[in-house]
There are 4 protein chains.
Amino acid sequence: MTNTLQTAVVGVTGYAGAELARLLLHHPRLKGKTPVFAGRVDAKDIARGGQPLAEIHPQLVDSRGSGQLIQQPFSWRLLDDLGVEVLFLATPHEQSREWVPEALKRGLRVIDLSGAWRLTEAANRAVYAFEDIDSEVAEATQAEAVYGMPELHRKEIKSARLVANPGCYATSVILPLKPLVAAGLVDLERGIVADAKSGVSGAGKAATAKTHYMYAADNLSAYGVFTHRHTGELLEQIGLGASEIVFTPHLLPIPRGILSTIYVHFKEAQTRASVMRVYREFFADSPMVRLYEHALPQIQYSVKTGYADIGFQLDGDGRRAVIVSCLDNLLKGASSQAVQNMNVMQGWGEAEGLE
Amino acid sequence: MTNTLQTAVVGVTGYAGAELARLLLHHPRLKGKTPVFAGRVDAKDIARGGQPLAEIHPQLVDSRGSGQLIQQPFSWRLLDDLGVEVLFLATPHEQSREWVPEALKRGLRVIDLSGAWRLTEAANRAVYAFEDIDSEVAEATQAEAVYGMPELHRKEIKSARLVANPGCYATSVILPLKPLVAAGLVDLERGIVADAKSGVSGAGKAATAKTHYMYAADNLSAYGVFTHRHTGELLEQIGLGASEIVFTPHLLPIPRGILSTIYVHFKEAQTRASVMRVYREFFADSPMVRLYEHALPQIQYSVKTGYADIGFQLDGDGRRAVIVSCLDNLLKGASSQAVQNMNVMQGWGEAEGLE
Amino acid sequence: MTNTLQTAVVGVTGYAGAELARLLLHHPRLKGKTPVFAGRVDAKDIARGGQPLAEIHPQLVDSRGSGQLIQQPFSWRLLDDLGVEVLFLATPHEQSREWVPEALKRGLRVIDLSGAWRLTEAANRAVYAFEDIDSEVAEATQAEAVYGMPELHRKEIKSARLVANPGCYATSVILPLKPLVAAGLVDLERGIVADAKSGVSGAGKAATAKTHYMYAADNLSAYGVFTHRHTGELLEQIGLGASEIVFTPHLLPIPRGILSTIYVHFKEAQTRASVMRVYREFFADSPMVRLYEHALPQIQYSVKTGYADIGFQLDGDGRRAVIVSCLDNLLKGASSQAVQNMNVMQGWGEAEGLE
Amino acid sequence: MTNTLQTAVVGVTGYAGAELARLLLHHPRLKGKTPVFAGRVDAKDIARGGQPLAEIHPQLVDSRGSGQLIQQPFSWRLLDDLGVEVLFLATPHEQSREWVPEALKRGLRVIDLSGAWRLTEAANRAVYAFEDIDSEVAEATQAEAVYGMPELHRKEIKSARLVANPGCYATSVILPLKPLVAAGLVDLERGIVADAKSGVSGAGKAATAKTHYMYAADNLSAYGVFTHRHTGELLEQIGLGASEIVFTPHLLPIPRGILSTIYVHFKEAQTRASVMRVYREFFADSPMVRLYEHALPQIQYSVKTGYADIGFQLDGDGRRAVIVSCLDNLLKGASSQAVQNMNVMQGWGEAEGLE
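Digging into the domain arrangement of chain A
Residue and element names in this part refer to chain A. Here the domain parsing of chain A yields domain 1 (7-165 + 334-346) and domain 2 (168-327). Here the C-alpha centre of domain 2 lies 26 Å away from the C-alpha centre of domain 1. Contact residues are listed per partner, giving 22 residues for domain 1 and 22 residues for domain 2. Of the roughly 1800 Å² buried between domain 1 and domain 2, counting both surfaces, carbon and sulfur atoms make up 54%. The interface formed by domain 1 and domain 2 contains 2 salt bridges. Scanning the region where domain 1 abuts domain 2 turns up 8 residue pairs in polar contact (both at pLDDT 80 or more). Residue assignment for the side of domain 1 that touches domain 2 shows that the elements contributing at least two residues are helix H1 (15-25), helix H6 (121-128), helix H8 (150-158) and helix H14 (331-346). At 4 residues, H8 tops the list of elements feeding residues into the side of domain 1 that touches domain 2. Tallied by class, the residues present in the side of domain 1 that touches domain 2 amount to 9 nonpolar, 9 polar and 4 charged.

Listed below in structure tokens is the structure:
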């Protein structure tokens, strides 16, 4: 099949960017047109047109020349000239705030991996302290944004011009909770606890005290207690009040992967079968969610895959459940979910290029 | 000061045993009399009297000959001949069930690191499926047992003949919860969540599928959901009904250390000061508990130390708290707590040999 | 393109087996006929025909039913009935010794991942202490065996009935040395040093003292000094006498990946260009070898890929070189090399299904 | 015994600094006078006199108030006022270059953990590119410097005013080689290979691309090939020409520990006994070196101890040896060696406070 879709990735330098590059370079529907890579390019590389992928991500070098692909200096002109239609932004949220309105104006369809457009505009401002762009533009842009979780918003994503790719922790907690809360099973008054643990790649490529090997290795630490940015997404998407859930992220001494242990009380006693029924129904058309029949998910089963794994166990009374949710923070928590969104937008099989 | 106390360790081969050996060999009060090491000795070592510590734990070799200390084949006769007064058992619980009554009969004071005597006798049987020893003997023995957590039972430990050293996870969860529950602050009806994560040494030295490097590395897994053995200790010691707490252990990809994240609701709004006051009062005489004023504990701060670290954060309303509790599972979760118990039993400074 | 090749994997339970399954299930040339998985099946699974892949390797579950594929009890009858043509053996070498002659007799083409057929028959017996099968059969079988390193033996592999897949360490050391030694550059009298470091998956799935998490984690250990089994392959393939190379493996605290640091003296001064020329020429037709122009390879660049990465640095005089060679022990060190051999045997692109 | 020695540590913030603090705070000979901690102090801490140890290294908090010890702003006046006699510098080498001459002028005895004074002055300049201080001062200072490896220079250290604490890799390679080379056993013409692997703490506390968790985790990389700074120490101390040894460091994915695998050729065939004899003789008075009789050292046996572990294996002919040398890069590779030097300078037992 001939591919006519020209994609582009801005911000291929980071970890999520590397995964985006890998997925797009091997996507069966994109074989005809190599993705465009653009971003910030050092002065020393301008002379040769940009920086080769081989220098940014040596692991991507193959026998077909992928290593010689260049990350070119970003410009809107470049995207125009190359006929880019779908733009993936793997940039800091301040950058996305600036560029997304412009991209939409230029008729591009945008999949933004930052957190800039995931909430209502008022919530965006509150969470990210944005004071930057014109509030009318912001409101108009936010109005176009669809929260990029296909399992929840497949229809809207299909026709969206702007897809706000969800946060990694958020994906890990929303997917297992939404079906149960939407089905009215959960006793919200007693409160939900989401205890999440993520590998270090989620903290980004910047060298900081917290990404120092000695900070993370052989260690576990809780952070963002009652304050983490992803909480806004949890509340909006699942439909919860702030007092109905506590979400605590932890930094795990591994490169990638998230495991969230979620504790719920049920209004009435449930059985394994009754809960599985709710999940199966909700995820009937979702190829990228794997439901565990017996064992519980473990991080290693989903790392390097684009799946979100969900498993659970009930107490003897069937009144309480411990749900375990695992995914790869760089894949289902970022880049593979972005490609999954592209698949939906293009009307392709949702799992194409991801299995 | 002349030391007249002869100690012995059975089961120095395991990880907790290595720590016990290290602590006892360097304890300032035990300088006069080297601890006796006894255990199961291979046929090939019987000829030379036993197995040298240098072969079991090469890291313990020093310039003073510690490496040449021998783990001798266990016999009651050996303990008698050497005048052992305090016996540390770092053996499987089935062994402790058998040996503890005999040790008490022989006038030894016993600190047992297994789980065999931590609960009421009925509970012991239920949790560990013991069917072995005579029930009268078991009841009589259990009646002598004191739960070995000095912060809670200092007085009873002082005169105890049998100290049941607590489980590692249990220590990590009981210490931060007991003060708050005892002070009547916690809304038990809403339920407590204790999400615990432990390094692999807690799983023991036996080579099994679950202690295989490939099972634990770069992974996180939840296990013992609603079923872990330490739950009995939590309920008894904190004073909770089974429906008032959910405890979920996880296997962390690190050698040692436990971090427990504990979620409580308060009956009434609290402040940081009011909660700290309760902790400070409860732990006023406890040198081996460190309360964190500002930051939260992290596993790496307590690993290789005998401390239990406790920190917390309240939500804006002061109605909910996330408590973080860290300790080294082989030390405060086992061997240093055992030595701490010995210190109490002997009337020595509780932190001697531990700081 | 219609696929007519029926493959089978015996021993899919192990780590290399999981990778073989993954590669074959996604190989573009094998889409028509799902690989057959056969092996030792527990009694409890016989009733349902075998054990589902979902239970053996949960990470392989996908939306197309791969998880429901069954590892069936092995029998020659099964392979006959299903028309198996190419048989991958990921079994212990004792098993391969027994089964390979039988497979050849039945007209199967075999790719054996064990070490049983990698050397001359006399050497096999010496290294592996085989005393088992009839020596005439063994000789005849060995005579058919081709050492499965396409970069060295492409022609012979193409027509081979039995491919002896190389050892992981061996691959890592042979690939960077063969070209230089074959070109006569190396001063063998001064001796070559190959200091190799491998992740724990190379030690196999069996739970032993050496695969215990606590043995490997935060540790490095040298083993098999002057005695490792792979030495025989090094000597035969590179063409060295035992006194001309020292090879020392080490156990690295990571799940997968090998880095070998190789030290050579040159007979005459070399330049970067002269050495690169030798490598480029030797590997001109080898898509699965990546030569590093500037930086040195690192384990993380080749893990989860089927590439062998080679880089080097010369001293100021050009008389000595330090060569760094990296690959994934489960892929180029085992399973992807096996699939690469199948590609050669079938006359397909050598990198098909591997990039 | 009353302690009259006032020590001070500049640079307690780093990893080696934390270990120095720990060792000095618990040194039996230093009980009377708490070490002074001085360094660079943020403006926000000046008001309260400096920064408490509890904030810099939470793991050092104990029940005796160690956590409240303050790292005060450095000044020579402070050291004078407090009567400091022995000054430990755990500062960057540029700082040591500046401060050491001044410290000597003020009559302090200095133990410098940086690399600034380890070589001849000419070599220092070449290796570290120092252009800073007056060359006469530098020459005079260097003339006072003694290379701080007690096993080699005990006598000179005893009377030294300036002890240049050796590099970690250097210690790991010099200790096992010096005895053999000094005894004339080694065939230097054939060249020695030292392949060294170190945990990440050796790279320092600064957050850089190379100390980023994602750079080190699940990875191994060689660096400083033919160029590492420690080479100068190896050549000078062992007495080798540059062409007689190749030294390659690697970054290991662990927090601490070094293992060096060293390859030598002997002029004449040796036996295990003959080699052990050389080592035993050389290290007869060295309590901090442990010689392995049978097994080989592993990193985990020496981590968190102040020992250098040496073991070896000969080939069948006794003509080649593989020597394995392990130590903790922060202890015998830095801080415990510094304390060991202090012990020698003070005429105390060399192992005091280290076992």
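Remarks on the packing of H8 of chain A against H14 of chain A
Residues and elements named next belong to chain A. At a minimum axis separation of 9 Å, H8 and H14 run at an interaxial angle of 40°. By the angle between their directions, the pair H8 and H14 is classed as oblique. The chirality of how H8 crosses H14 is right-handed. Here H8 contributes Pro150, Glu151, Arg154, Ile157 and Lys158 to the contact with H14, which in turn contributes Lys332, Gln337, Gln340, Asn341, Val344 and Met345. For the contact of H8 with H14, the residue count by class is 4 nonpolar, 3 polar and 4 charged.

Topic: the packing of aromatic side chains
All chains considered together, the criterion is met by 34 aromatic pairs over all chains. Both rings, one in Tyr292 of chain A and one in Tyr301 of chain A, keep their centres 6.4 Å apart while their planes meet at 20°; by these two values the pair is stacked. Side by side, Tyr292 of chain A and Tyr301 of chain A carry an identical accessibility label, which is buried. Residues Tyr279 of chain D and Phe312 of chain D carry aromatic rings whose centres are separated by 6.0 Å and whose planes lie at 45° to one another, so their mutual orientation is tilted. Residue Tyr279 of chain D is located in helix H12 (residues 272-282), and its partner Phe312 of chain D is located in strand E14 (residues 308-314); the two are separated by 33 residues in the primary sequence. Of the two residues, Tyr279 of chain D and Phe312 of chain D, neither departs from the other in class, the shared state being buried.

Let's talk about the nonpolar core
All names here are of chain C. Core analysis: the largest hydrophobic core is formed by 41 residues, its most contacted members being Leu180, Ile192, Ile245 and Val264. Elements with a contribution of two residues or more to this core: helix H9 (168-182), strand E9 (192-198), helix H11 (231-238), strand E11 (245-251), strand E12 (258-265), helix H12 (272-282), strand E14 (308-314) and strand E15 (320-327). The dominant element in this core, judged by the number of residues it contributes, is H9, at 9 residues. Each residue touching Val264, except ones within four places of it in the same chain, is listed here: Leu177, Val186, Ile192, Arg319, Arg320, Ala321 and Ile323.

Regarding the interface of chain A and chain B
Taken residue by residue, the interface counts 42 residues in chain A and 42 residues in chain B. A buried area of about 3400 Å², summed over both sides, lies between chain A and chain B, and 58% of it is on carbon and sulfur atoms. Broken down residue by residue, the surface that chain A buries against chain B is led by Leu220, Phe226 and Arg320 of chain A, which jointly contribute 18%. Joining chain A to chain B, the criterion identifies 4 salt bridges. Between Asp195 of chain A and Lys197 of chain B there is a salt bridge; the shortest N-O distance is 3.1 Å. Inspection of the region where chain A meets chain B yields 28 residue pairs in polar contact (both at pLDDT 80 or more). Those elements that provide at least two residues to the side of chain A that touches chain B are strand E9 (192-198), helix H10 (213-216), strand E10 (221-222), strand E11 (245-251), strand E12 (258-265), helix H13 (299-302), strand E14 (308-314) and strand E15 (320-327) of chain A.

About the cut-offs
Residues numbered from 1 in each chain as written. Chains lettered and ligands numbered in written order. Predicted model: local features only at pLDDT ≥ 70, side-chain atom pairs only at ≥ 80, totals over all residues. Heavy atoms only, no water. Domains from an automatic or database assignment. Contact = heavy atoms within 4.5 Å. Buried area = accessible area lost by both parts, 1.4 Å probe. Salt bridge = Lys/Arg side-chain N within 4 Å of Asp/Glu carboxyl O. Polar contact = N/O pair within 3.5 Å; in protein donor to acceptor, adjacent residues only side chain to side chain. Helix = DSSP H or I, 4+ residues; strand = E, 2+ residues; numbered from the N terminus. Nonpolar A, V, L, I, M, F, W, Y, C, P; charged D, E, K, R; others polar. Axes fitted to C-alpha atoms, helices over the stretch in contact; angles between N-to-C directions. Parallel < 35°, antiparallel > 145°, perpendicular 65-115°, else oblique. Left-handed = near helix turned anticlockwise from the far one by under 90°. Phe/Tyr/Trp six-rings, centres within 6.5 Å; stacked < 30°, edge-to-face > 60°. Buried < 20%, exposed > 50% of the residue type's maximum accessible area, 1.4 Å probe, protein only. Core = buried A, V, L, I, M, F, W, Y, C linked by side-chain atoms within 4.5 Å.

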